[in-house]
Every structure is written in C-alpha cells, then in structure tokens.
There are 2 protein chains.
Amino acid sequence: MKWSDRRLLDLFGIDHPIIQAPMAGASSAQMAIAVSQAGGLGSIAAAMLTAETLRTELQIVQQGTGRSINVNFFVHQPPVADAAREAGWRQRLEPYYRELGLPADAGVGGPVRAPFDAELCDVVLQFKPKVASFHFGMPDAALVKRLKAAKIVVVSSATTAAEARWLEAHGCDAVIAQGAEAGGHRGMFLTDDVASQAGTMALVPQVVDAVKVPVIAAGGIGDGRGVAAALALGAAGAQIGTAFLLTPEAKTVALHRAALKAARDDSTTLTNLFTGRPARVIINRFIREVGPLCADAPAFPLAAGAAFPLRAAAEAKGSTDFMPLWSGQAPSLAREMPSGELIAALVSETEAALRRAG
Amino acid sequence: MKWSDRRLLDLFGIDHPIIQAPMAGASSAQMAIAVSQAGGLGSIAAAMLTAETLRTELQIVQQGTGRSINVNFFVHQPPVADAAREAGWRQRLEPYYRELGLPADAGVGGPVRAPFDAELCDVVLQFKPKVASFHFGMPDAALVKRLKAAKIVVVSSATTAAEARWLEAHGCDAVIAQGAEAGGHRGMFLTDDVASQAGTMALVPQVVDAVKVPVIAAGGIGDGRGVAAALALGAAGAQIGTAFLLTPEAKTVALHRAALKAARDDSTTLTNLFTGRPARVIINRFIREVGPLCADAPAFPLAAGAAFPLRAAAEAKGSTDFMPLWSGQAPSLAREMPSGELIAALVSETEAALRRAG
C-alpha cells in the first residue's frame, strides 16, 4: 500500500505507519525484529529491564535487523516508601497468602520497574535506536537533550489533549493518543481521574486538533479496520499491542493466551491492583474480590511486590486468579500468526477497509 | 459523496449514512426535520413524551419533511417502588435541598420517562415513521410484531457484542454499537458493569463480526473524521449526538451550551445520579460530591425525582451544579451551525478524511 500521509514514515524511517506497542513482559526482541523487518516499528519494552539486560536486548535486536527500532521506558517518579500502607495492604491480602500456602511476608519478588535514568540513557546512546518512547510523561530535560543531540526521535503517550500539548511543549516529536481501550498501563500523568479518560474515537481528533506534531492512535486497534479508522481520524499511524499477544514471538504465558482467546469486548477493566497504577487487564478473581480500583493499594510500582507472589503461586497451580492478564478492549481481534505476517495482514486489511469505506 | 456501502441508505431510505441521535430534552422536531431534509436520518426522542405529545411531535415532523424519520423509545422495566431507598436518598440530598431553600419533600417534578407500550405503539402505527429505535433492549415481541407488520424498520442499541447478538435474535434490522464515549444513557441491558464497557474503536469491529445486520457506530463521533473512521471499522453508518447540541434547533439551555463550549475530552464521566442509570455528562459539583456512580441512587428513572428540583432551583440561580450536562467525550467537536448545514459539513468532511487516509 502507498500511504498518502508520510509524516510518521519519514520521521521513523519505516514503510508502514504501524507501531508494535512495547509490552513489558510480553513483547520480545524477536517480535521487535519481525515487526521492523516487515516495515513497521518494532519496540523493546525496557520498563522492567536493567541497564545490563537492556544492553543484551538491543544487541540481539540490532543483530536481527538494521531497520528502525523503538525503545520504551517508564518515567514515573520513584515512590516514597510508606511502611504503614504497605503493611495494611499485606494484611488485606493475607487471606489469599494463607489460601495459597504463602508466608505472609513472602519475598517481594517479581520484576522491578525503574524509571528512565542517566544509566539507561547511556545504553540508549550506545545503541542509538531510531526512536525512544516514554510512558507517564517525559524524562528530565537534560536526558531529553542528550537523546535529541543523538538525533533519537522522542515520543510519549497522552491520555488527554492537555497531556498532548504538554508533551509537545516538552520536546516530543510525535505523540501517542492513548484511548481508554488500550491494554496495559494508562499513560496518564497530568490527571489521575480514570473515569474521565476518553476512548480512542473521541480522543484522537481532539489531540490532532491540539498539537502540531504527528499523532499516533492507540487503544482498541486490533486489525486493519482499526488502522484505517485511526488514519481517518487524522492520526499519522497506529500503535497496536494486544493483537500481538498471541504471536509466537510474544512471551505471553499459556494461561494468559488461553484467557485472551476466551475474552470478549467486555472482559477487561482498569485496575491498580497489580502495580499501583491503573492498567487494563482481563477481569479475574483478584479484581472481582479486591478491585478493580482500590485506594489502599501501594503507590506504583510498589503494589507489584505484594501481588507478584500470589500470581506466581496461583500460576503454579494452573490458575489465573492473581495474574495480570494484560489486554486491551479488542482481545477477540488477536490472531495466532507470526508478527511479521501480522504486519503484512494489517497493511492489506487497512487498504481493504479504506477502499470499502471510500 | 457517493457512498460505496448502501446497506443503511437502502434500509432507511436516506442519502447519507448519518443518524442524528435522539436526545430526550435536547433534540427537537425542527432538528429532525432539518437532518432528514439534508439527507440524514432525523430522530424524535420520545422517551419523555406522552402519547399525546408524541402525536403532536410527529404531526410537526411529517408536515416539515416527507423524508424518513426515526422515533426513539426507552424500553426499561418499570421500577419497583422502594420507599426506604427513596427516603434514604432524599436524606442524602437533604443538605443540598436546604442550601437551595427547597423543602425536603419538594414535589417530584421534572419529566417522566415511561417505557414503550401499546398506547405509544398505536401512535407510531398511526404515523408510520420509517424507523423505530429503542434503548435498553427491545419491546415485547407482540409490539415488535406490530411494528414489523407495518414495515417499520426496528433498531436498538448494543453496548457489547453479546447484546448485539441478542438484539439481532430479537428482530433488530440494524444494531447501534454504542461505544463508551457516547453521551447520555448507556443502552446496556444484559450487563450492568460500567467499568467493562468498550470504547467505539474496540466495540464496532467486534459487533460487526458478531452480527449479520448492518451496524451503526455511536460514541465519540463528532465530525466527518469520526464518520469516516466508523465506516472504516465496518459500520454501515454513524449516529451523532453531542455535535448537534449547539445547533439552533437544539433545545439545549444556555447554561448547558456554555458548559459544552468549555468542555474538553476529559470533562465527562458516567453517572447514575440524575436518573438511576449510568449516563455520560459533563462533571459538575453534584457528581464530584455524591458520584459519579452511587449505589444508593433509586432505580431508573426514579432517581430523577429527587435530582430534578435541585437542578431547577440551581438553574434559576444561574448554576449548573445539579444540571445533567449531557455530553459525549468529544464536546470540543460540537459546532454552532444549523443542523442541515451540519449534515452537509459532515458529508464533505467524511469524504475529505477518507481521501486523506487512503
């Protein structure tokens, strides 16, 4: 397909205006390679990687493809430790610990989510991926300056038009308009009101009207119909996550894959139980009994400490009761096909959808 | 514009696949006439009309246009009176009554919302509008049969793919896929979980895949970019509400118009405070202090009884504190232009959006 809007293609050096969403714990170097080789923008989710593991990932990806790559980081403020809150939360979850045979003080365990810092920036500058994207705002101005000096394209997520304007003013070269349908963490950083977050159909045109930089639509886009819709709304491209969770390159565990295959449009909700920040997942027992949103959960990312042992113990017994089953609102559009083939399918579907609509 | 998908145009007998959303209290006979004369489908919101007033409205509309018209009804189960719950709710709101100088037992007042019944069906059959649409499910099978015998096209709203399948099985000739962005009442009737309701971008393709009848996209569509996106998603047309609220034909009061003009993508939320069922409105004081969703509110539509006197008393003082400021999530796309011109603008914008995207 010949794309009439070339803004994102030129900015990112890609053939198709489709970005594979970075999904910490689920996307992989192999997925990013396959997507980029197919002409989309493959993404490395660095939110749970140390500088050391990020270096390894980037080595693998750059050996696998010479095409453009995106590396994604979280830029949250590190939380202030709150022992009382943490203890209260542990107490709240104690019956589940008991049920699963875990000691109440089971080791925190699980992945660490550290914000982008000078050390991670050093790794980025060593490998110079084409794009660095951020979630929860923007890094310190000094780090942005270093990235830009290295000609790395800087992108971040907005969940409101006001956030998009803020990101543009703070140096973003493109803005992701993350509609409420999106799986995983809401990128919200100027608001904390989950209930007022707009869906993709409403958000994208209002963000497009608010900023001059190209806008990438995200949230609920699972096939070429959604990519075509994103372009019709004025976006320069689409970011897609959930649709890649059933690819062979995804690190999605078997129980999560099965849950995705059984999920429907109304199977998900936004919850803060797994990390402390609102994120969209498939509704499970943990959410039904404690959430979906609970004011007592520790601040991001500390809530993950208490939730992770439950997930691990339940998973070992074949249960998804405490698993963060990341998913956007279009799980039924996810397909079991290689990531590179998925990009090709998305491109031809987009063309067909625009032809049918026009 | 020459539309390549003619399913809805043929079914409804219209020129453009754009339906003006019925908005009880805000849309008008003049709006419906203007929209239908411009080639869209104008709608009469009958949810708050008696058989008598509906008859008058339909006379006005049929004198104003010979084109197709839609009449919309609510089909909720009449609530069971619950004196204790009602009294508790009155008590909860008592401080506001006091503040506004209202007696605690201020007359219920305000509009009545009665479900579609045989008497209203008689009026419909007398005037035979082209389309009858429903919200909150479907009427009794006997009434549906009478409508269909008169060759009236029957439509209803789905908020999930499961609801869409149910509506198709119960005789709908087309289904509205109402994404979470939509203003006014959620049409949900098989689920009551507001938090799992999908946005338009995710919902529409999943509904299109679930049913054989044509799907109308609704929710967050405010200009031609949205109409084009709806068609790209596989919808046969788009239903638009909020974008008509600033037209001269709208009965939107001045305070509501001002609130819409000041509203942004994140200014709205779903609340049950005004009627007992979740509906999207601009966030105001009442919602911030009591809502947005409150389990104590009386069942639909009884909650309106206690809320209406507050709205009226505050409005008289120039305040929107207790006004249901109906709005979808794209209020900034609403424009002050006559409804007929808005249809023409939507058509040319849709064409432009598809050309730009293709």
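Every chain's residues receive numbers from 1 upward, in the order its sequence appears when written. Each chain is given a letter, starting from A, and each ligand a number, starting from 1, according to the order in which they appear as written. Two thresholds apply to this predicted model, a pLDDT of at least 70 for residue-level local features and 80 or more for giving and counting side-chain atom pairs, whereas whole-chain, interface and lining totals are computed over all residues.

K.L.:
Can you tell me about the overall build of chain A, naming the residues and giving the values?
P.N.:
Each helix and strand counted, chain A has 13 helices and 11 strands in total. Seen through its C-alpha atoms, chain A measures out along the principal axes to roughly 60 × 45 × 40 Å. Comment: burial labels come from other C-beta atoms within 10 Å of the residue's own C-beta, placed from the backbone, where a count of 20 or more is buried, 12 or fewer is exposed, and between is partly exposed. Relative to its full complement of 358 residues, chain A shows a buried share of 60%. For chain A, restricting intrachain contacts to residue pairs at least 6 apart in sequence, the fraction spanning at least 24 positions comes to 67%. In this text, helices come from DSSP runs of H or I with a minimum length of four residues, and strands from runs of E with a minimum of two, each type numbered from the N-terminal end. Once C-beta atoms have been placed from the backbone, residue pairs whose C-beta atoms lie within 7 Å are recorded as contacts.

K.L.:
So, the nonpolar core: which residues are in play, and what are the values?
P.N.:
Only buried residues count toward a nonpolar core: Ala, Val, Leu, Ile, Met, Phe, Trp, Tyr and Cys, linked into one set through C-beta atoms within 7 Å. In terms of nonpolar packing, the biggest core is built from 254 residues, with A:A177 and B:A177 touching the most fellow members. For B:A177, the contacting residues outside a window of four places in its chain are B:A158, B:A164, B:L203, B:V204, B:V207, B:V215, B:I216, B:A217, B:A218 and B:A235.

K.L.:
Kindly report on the sheet that holds strand 9 (residues 237–240) of chain A, identifying the contributing residues and their values.
P.N.:
Residue and element names in this part refer to chain A. In spatial order, the strands read 1-9-8-6-5-4-3-2; together these 8 strands make up an open sheet with parallel pairing. Here the strands that pair on one side only, and so sit at the sheet edges, are strand 1 (18–20) and strand 2 (42–45). Averaged over all pairs of adjacent strands, the angle between strand axes in this sheet comes to 25°, irrespective of strand direction. If DSSP finds at least two bridges between two strands, the strands pair. Only the contacting stretch of a helix is used when fitting its axis, a line to C-alpha atoms as for every element, and angles between N-to-C directions run 0 to 180 degrees.

K.L.:
I'd like a rundown of the relation of the copies chain B and chain A, residues and numbers included.
P.N.:
Here the copies were fitted onto each other by least squares, based on C-alpha atoms from residues at pLDDT of at least 70 in both. In the superposition of chain B on chain A (RMSD 0.0 Å, axial shift 0.0 Å), the rotation amounts to 180°. What we have between these two chains is a two-fold relation. Rotation axis and chain B: the residue whose C-alpha lies nearest the axis is B:A229, separated from it by 1.9 Å. The fraction of interface residues of chain B whose copies in chain A are also interface residues reaches 98%, indicating that both copies meet through the same surface.

K.L.:
Just give me the short version of the interface of chain B and chain A, but keep the residues and values in it.
P.N.:
Frequently, the measure chosen for interface size is the accessible area removed from exposure when the parts meet. Across the boundary between the two partners, chain B contributes 51 residues, which contact 50 residues of chain A. For the side of chain B that touches chain A, the secondary structure elements donating two or more residues are helix 7 (161–169), helix 8 (200–210), helix 9 (224–232), strand 10 (268–271) and helix 13 (339–357) of chain B. Lys, Arg, Asp and Glu make up the charged group, whereas Ala, Val, Leu, Ile, Met, Phe, Trp, Tyr, Cys and Pro make up the nonpolar group; the residues left over, Gly among them, are polar. Of the residues that constitute the side of chain B that touches chain A, the class distribution is 23 nonpolar, 20 polar and 8 charged.

K.L.:
Requested: an account of helix 8 of chain B, with residues and values cited.
P.N.:
Residue pairs spaced three or four apart in an α-helix point in one direction, given the helix's 3.6 residues per turn. Summarising burial for helix 8 of chain B: 10 of the 11 residues are buried, a large majority. Here helix 8 of chain B has its buried residues at B:T200, B:M201, B:A202, B:L203, B:V204, B:P205, B:Q206, B:V207, B:V208 and B:A210.

K.L.:
Any chance you could break down the environment of A:P331 for me, citing the residues and the numbers?
P.N.:
All names here are of chain A. On the secondary structure map, P331 appears in the loop between helix 12 (303–316) and helix 13 (339–357). Considering only alpha carbons, one finds P331 and G222, 109 residues apart in sequence, at a separation of 7.8 Å. Each residue touching P331, except ones within four places of it in the same chain, is listed here: T242, L260, A263 and S267.

K.L.:
Could you give me a rundown of the sheet that holds strand 10 (residues 268–271) of chain A, with the residues and numbers involved?
P.N.:
Residues and elements named next belong to chain A. Ordered by their spatial adjacency, 3 strands build an open sheet running 7-11-10, and the pairing between neighbours is antiparallel. Two strands lie at the open edges of the sheet, namely strand 7 (184–185) and strand 10, each paired on one side alone. Bridging between strand 7 and strand 11 (residues 279–282) involves 2 bridges; their strand directions are antiparallel. Paired with G184 across the bridge in strand 11 is R280.

K.L.:
Provide a residue-level description of the domain arrangement of chain A, including the pertinent values.
P.N.:
All names here are of chain A. For every domain, the bounds stem from an assignment made automatically or drawn from a database. What the domain assignment lists for chain A is domain 1 (7–76 + 113–250 + 334–357) and domain 2 (79–110 + 268–326). In this structure, domain 1 and domain 2 have C-alpha centres spaced 27 Å apart. Contacts between domain 1 and domain 2 engage 10 residues on the former and 9 residues on the latter. Across the side of domain 1 that touches domain 2, the residue classes break down as 4 nonpolar, 4 polar and 2 charged.

K.L.:
Go over the pairing of strand 2 (residues 42–45) of chain B with me, naming the residues and quoting the values.
P.N.:
Residues and elements named next belong to chain B. Side-chain alternation along strand 2 places G42 and I44 on one buried face and S43 and A45 on a second face that is also buried. One ladder, built from 4 bridges, connects strand 2 with strand 3 (residues 69–74); its direction is parallel. Looking across to strand 3, one finds that G42 is bridged to I69. With strands facing away from the observer, any crossover in which the path from the first strand over the helix to the second runs clockwise is taken as right-handed. Of the crossover connections in this fold, the one passing from strand 2 over helix 3 (residues 51–64) to the parallel strand 3 is right-handed.

K.L.:
I'd like to hear about the environment of A:G226, residue by residue, with values.
P.N.:
The residue A:G226 is located in helix 9 (residues 224–232) in this model. In the structure, A:G226 is positioned 12 residues away from A:A238 in sequence and 8.2 Å away in space, judged by C-alpha atoms. In contact with A:G226, not counting residues within four places along its chain, are A:G220, A:I221, A:A238, B:M201, B:P205 and B:L233.

K.L.:
Lay out the packing of helix 9 of chain A against helix 9 of chain B in plain terms, naming residues and giving numbers.
P.N.:
In a packed pair of helices, the relevant descriptors are the angle between the two axes and the axis-to-axis distance. Taken N-terminus to C-terminus, the directions of helix 9 of chain A and helix 9 of chain B make an angle of 170°; their axes are 8 Å apart at the nearest point. Taken as axis vectors, helix 9 of chain A and helix 9 of chain B run roughly antiparallel relative to one another. Seen from helix 9 of chain A, the contacting residues are A:R225, A:A228, A:A229 and A:A232; seen from helix 9 of chain B, they are B:R225, B:A228, B:A229 and B:A232. Within the contact of helix 9 of chain A with helix 9 of chain B, the residues separate by chemical class into 6 nonpolar, no polar and 2 charged. Throughout this description, any angle smaller than 35 degrees is read as roughly parallel, any larger than 145 degrees as roughly antiparallel, any in the 65 to 115 degree range as roughly perpendicular, and the remainder as oblique.

K.L.:
So what about helix 9 of chain B? Which residues, and what values?
P.N.:
Residue and element names in this part refer to chain B. Burial runs high along helix 9: 9 of the 9 residues are buried. Here helix 9 has its buried residues at G224, R225, G226, V227, A228, A229, A230, L231 and A232. Backbone geometry just after helix 9 places G234 at a positive phi near 105°.

K.L.:
I'd like a description of the environment of B:S332, backed by residues and values.
P.N.:
As for its position among the elements, B:S332 is in the loop between helix 12 (303–316) and helix 13. When the 21 C-beta atoms within 10 Å are taken as the criterion, B:S332 is described as buried. With 110 residues separating them along the chain, B:S332 and B:G222 place their C-alpha atoms 8.4 Å apart. When residues no more than four places from it in sequence are discounted, the contact partners of B:S332 are A:Q206, B:A263, B:R264 and B:D265.

K.L.:
Got a sec to walk through unusual backbone geometry? Specific residues and values, please.
P.N.:
All names here are of chain A. Residue P292 is bonded to the preceding G291 through a cis peptide linkage, with omega at 10°. When you line up the elements, P292 lands in the loop between helix 11 (285–290) and helix 12. In this structure, P301 follows F300 across a cis peptide bond, with omega equal to -5°. Following the sequence through the fold, P301 ends up in the loop between helix 11 and helix 12. With a phi angle near 45°, K128 is a residue other than glycine that sits in the positive phi range. Structurally, the position occupied by K128 is in the loop between helix 5 (118–127) and strand 4 (131–135).

K.L.:
I'd like a description of the packing of helix 13 of chain A against helix 9 of chain B, backed by residues and values.
P.N.:
Axis separation between helix 13 of chain A and helix 9 of chain B bottoms out at 8 Å; the angle between their running directions is 115°. Remark: the crossing between helix 13 of chain A and helix 9 of chain B carries right-handed chirality. Counting all contacts with helix 13 of chain A, which are made through A:A353, A:L354 and A:A357, the residues of helix 9 of chain B involved are B:A228, B:L231 and B:A232. Residue composition of the contact of helix 13 of chain A with helix 9 of chain B, grouped by class: 6 nonpolar, no polar and no charged. Helix crossings are classified by the rotation of the near helix relative to the far one: an anticlockwise turn of less than a right angle makes the crossing left-handed, while a clockwise turn makes it right-handed.

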